[in-house]
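Here is what each chain is made of, one letter per residue.
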Amino acid sequence: MCGIVGYTGGEACVPILLEGLEALAYRGYDSAGVAVFDGEKISLCKAQGQLSNLSVLLREQPLAGSCGIGHTRWATHGEPSYVNAHPHMDDAKQIALVHNGIIENYQNLKQMLIQKGCEFVSETDTEVVAQLIGSLYMGDCLSAVLAAMRLMEGSFALSILFYDEPRTIYCCCKDSPMVVGHSESASFVASDIPALLPYTRDVCFMEDKQIAVLRPDGVDYFNEFGLPIEKTLTHIDWDVEAAKKGNFEHFMMKEIFEEPVAFKKTLEQYVSVKELRLKTDIFPWSQEEAAALKKLSIVSCGTAYHAALLGKKFIERMAGLPVEVDIASEFRYGDAVLEPGDSLMVISQSGETADTIAALRMANGRGCRTVAICNVIGSTIAREAETVLFTYAGPEIAVAATKSYLTQLIVLYLTALDLAQKRGRMSAEAVASRILEMAAMPERMQRILDNRERIQYFASRAFSVKHVFFIGRGIDHALAMEAALKLKEISYIHSEAYAAGELKHGTIALIEEGSLVVALATQPELLKKMASNMEEVRVRGARVLAVTNGPADGVAANSHEQWELEPMEETLTPFCAILPMQLLAYYMAVQKGCSVDRPRNLAKSVTVE
Ligand code: AGP
């Protein structure tokens, strides 16, 4: 989704705006632009395509000024084009603004404004907002913004320049993230933390319908009624390097290589490794509550949904608690049966996914116990859930989720152990032995990374395939869902996950000579069944790659290649099995010359429906 930056201070703003937009580029975009107050007027510079196109224009036609806003646009209303790129202005050229989100009633507002004589040049809802504020402006900027907020429906994060208030930036948001920062001589606004880190670590997360007025000497905050409010600052301890690529060609590979450390960091937040015990007070349910739980609902999107599918396996197997998993966009418009006191968990790396936020708000509205697994401190979901279980993956810049998925699995697995222990289904000793095996996981993962050439070699021979089928049973089926998403979203190769036992009910009709089938066969009690499923596809011409949990009978005879994980307790295999799947997707995408970190049509955080 789009990225917003704003700066007002003593420095030339254009280099700062460009650097901030670059830091947000991972969010996905197709055009970019800046608006700068140069002391006499508000000037715009916009370009379609990559940020480098905008930089070239700004070198050719520099914009001088120390107050400005910038935007990278991920097209929703109107095609990616110069005309539709932000910033947008009112007819009088007195106001310039940038916008993230979707104004759902923009057509009605546009008709009203046209009747007032406004002339539009773009197809965007954003230009409607600029004209709306321009039509409401009677000399008081704050009043105009407040009035516009009351008329707009949908989601918005806005940064606004008014000609009459030079060096000031007005910001507001609703259902779209915005973070504000201040250093000793400047104020900053951005859609996400990485754009602010080079300047300040103490940031303020804007809440819905609040307004921030940024000036070089500080920031004033107001509520939706125009009354001054105090906001607390959150200190961000990410290191700036963590949000940079380092020596890696892609953020995705860097983040895959960070998984062993992310695993260790997250594990240590929830267990005492030395004493091999859970920090039970951190988990959401007391002993009594855990014993009384009848069901847990988990709702999320994309990779986070796939993590939830594994969470279901972990919690049902170890804690004996029924778990219902749902896709947030289905859940929010479905007929969810949620009673006051029911427990609902949401999982979100960004904490800003619109559908997941909506599901959380629905559960909060019905008096449910809400728990979030989230990777971003201060994000909307982290702020609005009753209990937050943070993952400690650090900033994840690549659109394809990797380390965030792994750390979500850790928190889900430990939640399952906590519930199992509190519900009397697992002894402290049994839990301790799992923790002991988890503590050894980073080294196992590192060995997989150290021996990645085999995966790279396989990808160099397989990347021209048109279809890939990932099959598995039980835990492996849930894992196959994530493996398939990784491959399709960065390599654009059609790939699907299927329950292996389901193939014969239709999908096996698609298997032909040369089809690539990746068989995840890490569950000992299902191995024989998997071996026969592998034989079914092999005898029909498929090339079979098997991933097993140690040596596995019957697999070698029915696969053309076998990647053997070091033997481990079968519920722990996803932590290692996902690595070869992520690496396979990465190498196939690199072989195809795809934009690995920023795949076409995708954004890192889907902040609109
Ligand atoms: C997965 O690689 C994608 N990045 C996407 O499916 C993502 O997992 C999904 O949009 C959910 O995002 P969230 O975890 O930030 O809510």
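Above this text sits the structure in question.
Please read all numbers here as calculations on a predicted model, not as lab measurements.

Student: Looking at this model, I keep getting lost on the overall build of the protein. Mind explaining?
Tutor: What the protein contains, in helices and strands, is 19 helices and 27 strands. Viewed in the frame of its principal axes, the protein has a C-alpha envelope of about 75 × 55 × 45 Å. For the protein, buried positions account for 61% of its 609 residues. The long-range share in the protein, meaning contacts at least 24 apart out of those at least 6 apart in sequence, stands at 71%. Of the roughly 23,100 Å² that the protein leaves accessible, carbon and sulfur atoms contribute 51%. In the protein, 57 positive and 77 negative side-chain charges are present, and the distance between their average locations comes to 5 Å.

Student: Would you explain the site of the ligand in this entry?
Tutor: In the vicinity of the ligand there are 15 residues, among which Ser348, Ser350, Thr353, Val399 and Glu489 approach most closely. Within the contact set of the ligand, an oxygen atom lies 2.7 Å away from a side-chain nitrogen or oxygen of Ser348. Across the complex, the protein chains shield 91% of the 410 Å² of accessible surface that the ligand would expose by itself. Among the secondary structure elements, those contributing two or more residues to the shell around the ligand are α9 (302–319) and α17 (475–491). Of the residues belonging to the shell around the ligand, the class tally is seven nonpolar, six polar and two charged.

Student: How should the nonpolar core be read in this particular structure?
Tutor: Soluble, globular proteins show a tendency: their nonpolar side chains are buried together. Ranked by internal contacts, the top residues of the largest apolar core, which has 98 residues, are Phe263, Met345, Leu414, Met438, Phe470, Phe575 and Met581. Dropping the residues within four chain positions of it, Met581 is found in contact with Phe470, Ala483, Val518, Leu520, Val547 and Trp563. Core analysis: the next-biggest nonpolar cluster, separate from the first, contains 33 residues, Val5, Ile193, Ala195 and Val203 among them.

Student: Any chance you could explain the sheet that holds strand β8 (residues 169–174) here in plain terms?
Tutor: Hydrogen bonding along the main chain pairs the strands of a sheet, whether they run parallel or antiparallel. Pairing within the open sheet is antiparallel, and its seven strands lie in the order β5-β6-β7-β8-β12-β13-β14. Whereas interior strands pair on both sides, the edge strands pair on one side only; in this sheet they are β5 (88–89) and β14 (228–229). Alignment of β8 against strand β12 (residues 211–215), held across four bridges, turns out to be antiparallel. Looking across to β12, one finds that Ile169 is bridged to Leu214. In the packing of helix α4 (residues 125–136) onto the sheet, the strands contacted are β5, β6 (95–100) and β7 (156–162), and the crossing angle to β6 comes to about 140°. Packing against the sheet, helix α5 (residues 141–151) makes contact with β7, β8, β12 and β13 (218–222), and its axis sits at approximately 20° to β8.

Student: What's the story with the state of the cysteines in this structure? I'm lost.
Tutor: By definition, a disulfide links two cysteine residues through a covalent bond between their sulfur atoms. Taken as a whole, this structure holds zero disulfides when the rule is applied. Lacking any disulfide linkage, Cys67 is separated from the closest cysteine sulfur, that of Cys13, by 6.8 Å.

Student: Before we go on, may I ask you to explain the packing of aromatic side chains in this structure?
Tutor: What characterises a pair of aromatic rings is the spacing of the ring centres plus the angle enclosed by the ring planes. Evaluated as defined, the whole model comprises 13 aromatic pairs. Here Phe248 and Phe257 contribute two aromatic rings whose centre-to-centre distance is 5.5 Å and whose plane-to-plane angle is 45°, an arrangement assigned as tilted. Considering the side-chain rings of Phe458 and Trp563, the 5.5 Å spacing of their centres and the 80° angle between planes classify their relative orientation as edge-to-face. With a gap of 105 residues between them, Phe458 in helix α16 (residues 453–462) and Trp563 in strand β27 (residues 561–565) connect regions that are remote in the sequence.

Student: Where do I start with the pattern of salt bridges in this structure?
Tutor: As a working rule, side chains carrying opposite charge can pair if their charged atoms are close by. One pass over the structure, following the stated rule, counts 30 salt bridges. As a salt-bridge pair, Glu384 and Arg361 come within 2.6 Å of each other at their nearest N and O atoms. In this pair, Glu384 sits in helix α12 (residues 380–384) while Arg361 sits in helix α11 (residues 354–365), placing the two residues 23 residues apart along the sequence. Judged by relative accessible area, Arg361 falls into the partly exposed class, the value being 26%.

Student: Help me understand the side chain of Thr571, please; the structure alone is not making it clear to me.
Tutor: Note on placement: Thr571 falls in the loop between β27 and α19 (573–591). In this structure Thr571 comes out as buried when scored by relative accessible area, which is 2%. Within the structure, the side chain of Thr571 is placed 2.6 Å from the side chain of Tyr413, a separation counted as a polar contact. Side chain to side chain, Thr571 and Glu569 meet in a polar contact 2.2 Å long. Beyond its immediate sequence surroundings of up to four residues, Thr571 is in contact with Phe314, Arg317, Tyr413, Arg434 and Ile475.

Student: Can you help me understand the packing of helix α7 (residues 259–270) against helix α13 (residues 403–422) in this one?
Tutor: Helix packing geometry: the angle between the two helix axes and the distance between the axes. Relative to each other, α7 and α13 sit at 30°, their axes nearing to 9 Å. Here α7 is positioned roughly parallel relative to α13, judged by the angle of their axes. Crossing geometry of α7 relative to α13 is assigned as right-handed. Where α7 approaches α13, its residues Glu259, Ala262, Phe263, Thr266, Leu267 and Tyr270 are matched on the opposing element by Lys403, Leu406, Thr407, Ile410, Val411 and Leu414.

Student: Even after reading the chapter, I still don't get the pairing of strand β4 (residues 67–73), so can you show me in this structure?
Tutor: The side chains of a regular strand alternate between both faces of the sheet. Here β4 lies mainly inside the structure; seven of its seven residues are buried. Burial of the side chains of β4 extends over both faces: Cys67, Ile69, His71 and Arg73 are buried on one face and Gly68, Gly70 and Thr72 on the other. Across six bridges, strand β1 (residues 3–8) lies against β4 in antiparallel orientation. Among the inter-strand pairings, Tyr7 is bridged to a residue of β4, identified as Gly68. Alignment of strand β2 (residues 31–37) against β4, held across seven bridges, turns out to be antiparallel. Looking at the pairing, Val34 lines up with Gly70 of β4.

Student: Is there a simple way to think about the packing of α17 against α19 in this case?
Tutor: Remark: α17 packs on α19, axes separated minimally by 9 Å, with the N-to-C direction vectors making an angle of 20°. By the angle between their axes, α17 is roughly parallel relative to α19. Pair α17 / α19 crosses with right-handed handedness. Facing Ile475, Leu479, Glu482, Ala483, Lys486, Leu487, Ile490 and Ser491 of α17, the residues of α19 in contact are Thr573, Pro574, Ala577, Ile578, Met581, Gln582, Ala585, Tyr586, Met588 and Ala589. Looking at the contact of α17 with α19, its residues break down into 13 nonpolar, three polar and two charged.

Criteria and cut-off values
- Residues numbered from 1 in each chain as written.
- Predicted model: local features only at pLDDT ≥ 70, side-chain atom pairs only at ≥ 80, totals over all residues.
- Heavy atoms only, no water.
- Helix = DSSP H or I, 4+ residues; strand = E, 2+ residues; numbered from the N terminus.
- Buried < 20%, exposed > 50% of the residue type's maximum accessible area, 1.4 Å probe, protein only.
- Contact = heavy atoms within 4.5 Å.
- Areas by Shrake-Rupley, 256 points an atom, 1.4 Å probe, with all protein chains shown as cover.
- Lys, Arg positive; Asp, Glu negative; His and termini not counted.
- Charge placed at Lys NZ, Arg CZ, Asp CG, Glu CD.
- Near = heavy atom within 4 Å.
- Polar contact = N/O pair within 3.5 Å; in protein donor to acceptor, adjacent residues only side chain to side chain.
- Nonpolar A, V, L, I, M, F, W, Y, C, P; charged D, E, K, R; others polar.
- Core = buried A, V, L, I, M, F, W, Y, C linked by side-chain atoms within 4.5 Å.
- Pairing = 2+ DSSP bridges.
- Axes fitted to C-alpha atoms, helices over the stretch in contact; angles between N-to-C directions.
- Disulfide = S-S within 2.5 Å.
- Phe/Tyr/Trp six-rings, centres within 6.5 Å; stacked < 30°, edge-to-face > 60°.
- Salt bridge = Lys/Arg side-chain N within 4 Å of Asp/Glu carboxyl O.
- Parallel < 35°, antiparallel > 145°, perpendicular 65-115°, else oblique.
- Left-handed = near helix turned anticlockwise from the far one by under 90°.

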